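Next come the chains, spelled out residue by residue.
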Amino acid sequence: LEQTAEKYEDRVAVSDVNQELTWKGLVKKAQVIGAELSKKVQPGNPIPVLLEKSSETLEVMLGIVYAGCFYVPVNPMNPSERLRKIMEKLEPEVIISDEKGKEQLAAVGVGLEEKVIGPETLLPTTGTDLSEEQRSKLEQIQGQWKETDALYGIFTSGSTGTPKAIVVSHGAVSRFVRHFTEIFEITSEDVIGNQAPFDFDVSVKDIYSSIMTGAQLVLIPKEYFSTPPRLLDYLCDKKVTNLTWAVSALTLVSALKGLNYRVPESVKRVMFSGEAMPPKQLRIWQEKLPEAKFVNLYGPTEITCNCTYFPIERQYEDSEKIPAGKAFPGRRVILVDEEGKQVTEPGVQGEICSAGESLANGYYKEPEQTAEKFVLYPVDGTEQRMYRTGDLGSYDEEGNIVFAGRKDFQIKHMGYRIEPGEIEAAIGALPEIHACVCIYLETTDEILLFYQGKIKQEALSAAVSGKLPAYMRPNKFIRIRQMPYNSNGKVDRKLLKTNYLEENQL
């Protein structure tokens, strides 16, 4: 950060709809925030940041790092019960939030609002120059840093219903982002259009690619994605060159015909992750941006952003799957079967596992879950720490990993083991379907298909009968106006299922 600020001090580091910050300005503000926080919190502790995404929020996050602590972005959209569980897990000494967040925390009812510090109280009104005492304190903290120290924590949904925080170190991020920026040739001339909220690790690629290279970071407001013309005007006005977005964000724009309104011609790189990209939506982007590079990225938060990538060199047919690709440098990605043996043959399914650089430190205060997911496994003749993703995949003939779905999404129906992703891919290929998701109801042994599109249920049922065997055909087709998405940009399957059960009193 400091090297980049020295090199590009007066260039814009980050901008949002309200302000722009230069590299020099960003560092100075972060340092002052860090010095103030160091009076209140000991190094190594988590500091939750309950704020909407903004340039100011980024200042705070980097200030927390200067204080030797690790930041934990917490989405203000979280319901009270989840906020309570998050804070119970972290047991923070202070919480950075605004008045709105303070009210939210007060509603939780356990005195959390008393720990709130407003971002404005961490910055003096008389400039941002450090005193000698502050500078000395920051140097002392910095002198004790290790690359294994935590940089950030990101909460994910726990299988037990309790959210768990994945803790990622400085070293894991710096190694990954160095590979990422070199492979995709991100430079100080790039303008990175940030779509992801800060509590979703796609934003890590945006933030730290910018810090690593001096590229400008443009924060796009969440509400712009509900009105594609406004979004596309913003991308064009800011001359954005790089989109590292969730699949859902890209398909929202293409499905709503946003690219017919205006094409962001400055974009030269489109990278996506989170879910399987429907080929017909990708083709719309490819046709509108014929000179741009398109890349499929794969990997869970636990391995620091991504462990595989696949540069897309052609257009894919609706029935084809876009591969997740091969491992990033410094990684080893393998498939393991249910007996724990390594899978090497093309077409044979196994659990996707990642070893090598940039694995997360583990789950905060969850030693048992950490030990269960981060295991020791013999890789290339030596026992290495490896993360089991819970995702299924197989190799294609070129040695690329092809994602097949989640182990815990597998359906056992009519005696067959079924991947919902296979049903979704087959039905999603129909020209009338914009998006679709399969849900299995254990109580009634039914496969439900929720879909967006103009086709009626009867016509869709008839069309599916020619595409899927009887045991894979959904029992019910439910048309909806809009897919619900969670904060990670993935379809909220749990919400679809809960709503259906409630509406049908099941």
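The rules we used
Residues numbered from 1 in each chain as written. Predicted model: local features only at pLDDT ≥ 70, side-chain atom pairs only at ≥ 80, totals over all residues. Heavy atoms only, no water. Phe/Tyr/Trp six-rings, centres within 6.5 Å; stacked < 30°, edge-to-face > 60°. Helix = DSSP H or I, 4+ residues; strand = E, 2+ residues; numbered from the N terminus. Buried < 20%, exposed > 50% of the residue type's maximum accessible area, 1.4 Å probe, protein only. Lys NZ or Arg CZ within 6 Å of the ring centre and 35° of its normal. Contact = heavy atoms within 4.5 Å. Salt bridge = Lys/Arg side-chain N within 4 Å of Asp/Glu carboxyl O.

This paragraph deals with the packing of aromatic side chains. What the rule picks out here adds up to 15 aromatic pairs. When the centroid spacing of 5.7 Å and the interplanar angle of 70° are considered together, the rings of Phe-70 and Tyr-364 count as edge-to-face. With Phe-70 in strand β4 (residues 70–73) and Tyr-364 in the loop between β19 (362–363) and α13 (367–373), the pair connects residues that are 294 residues apart, well separated along the chain. A relative accessible area of 3% places Phe-70 in the buried class. Judged by centre distance (4.9 Å) and plane angle (45°), the ring pair of Phe-374 and Tyr-387 falls under tilted. With Phe-374 in strand β20 (residues 374–379) and Tyr-387 in strand β21 (residues 382–395), the pair connects residues that are 13 residues apart, well separated along the chain. Here Phe-374 matches Tyr-387 in class, with each residue buried. Through successive ring pairs, a cluster of aromatic residues spans Phe-176, Phe-180, Phe-184, Tyr-309 and Phe-328. It is Lys-164 that lies over the ring of Tyr-363; its NZ or CZ is 4.6 Å from the centre. The lysine or arginine in question, Arg-314, covers the ring of Tyr-316, its NZ or CZ lying 3.8 Å from the ring centre.

Looking at helix α9 (residues 228–237), one finds that the buried residues are Pro-228, Leu-231, Leu-232, Tyr-234, Leu-235 and Cys-236. Against β10 (216–219), β11 (242–246), α10 (247–255) and α11 (258–261) lie the buried residues of α9.

Across all of its chains, the model carries 23 salt bridges by this definition. Among the ionic pairs, Asp-233 bridges to Arg-262, the shortest N-O distance being 2.8 Å. Here the residue Asp-233 occupies a position in helix α9, and Arg-262 occupies one in the loop between α11 and β12 (269–273), the gap between them amounting to 29 residues. Judged by its relative accessible area of 33%, Arg-262 is partly exposed. Connected through salt bridges with shared partners, the residues Glu-81, Arg-84 and Glu-88 form a single ionic network.

Read these as layout, nothing more, since geometry by itself doesn't imply function.
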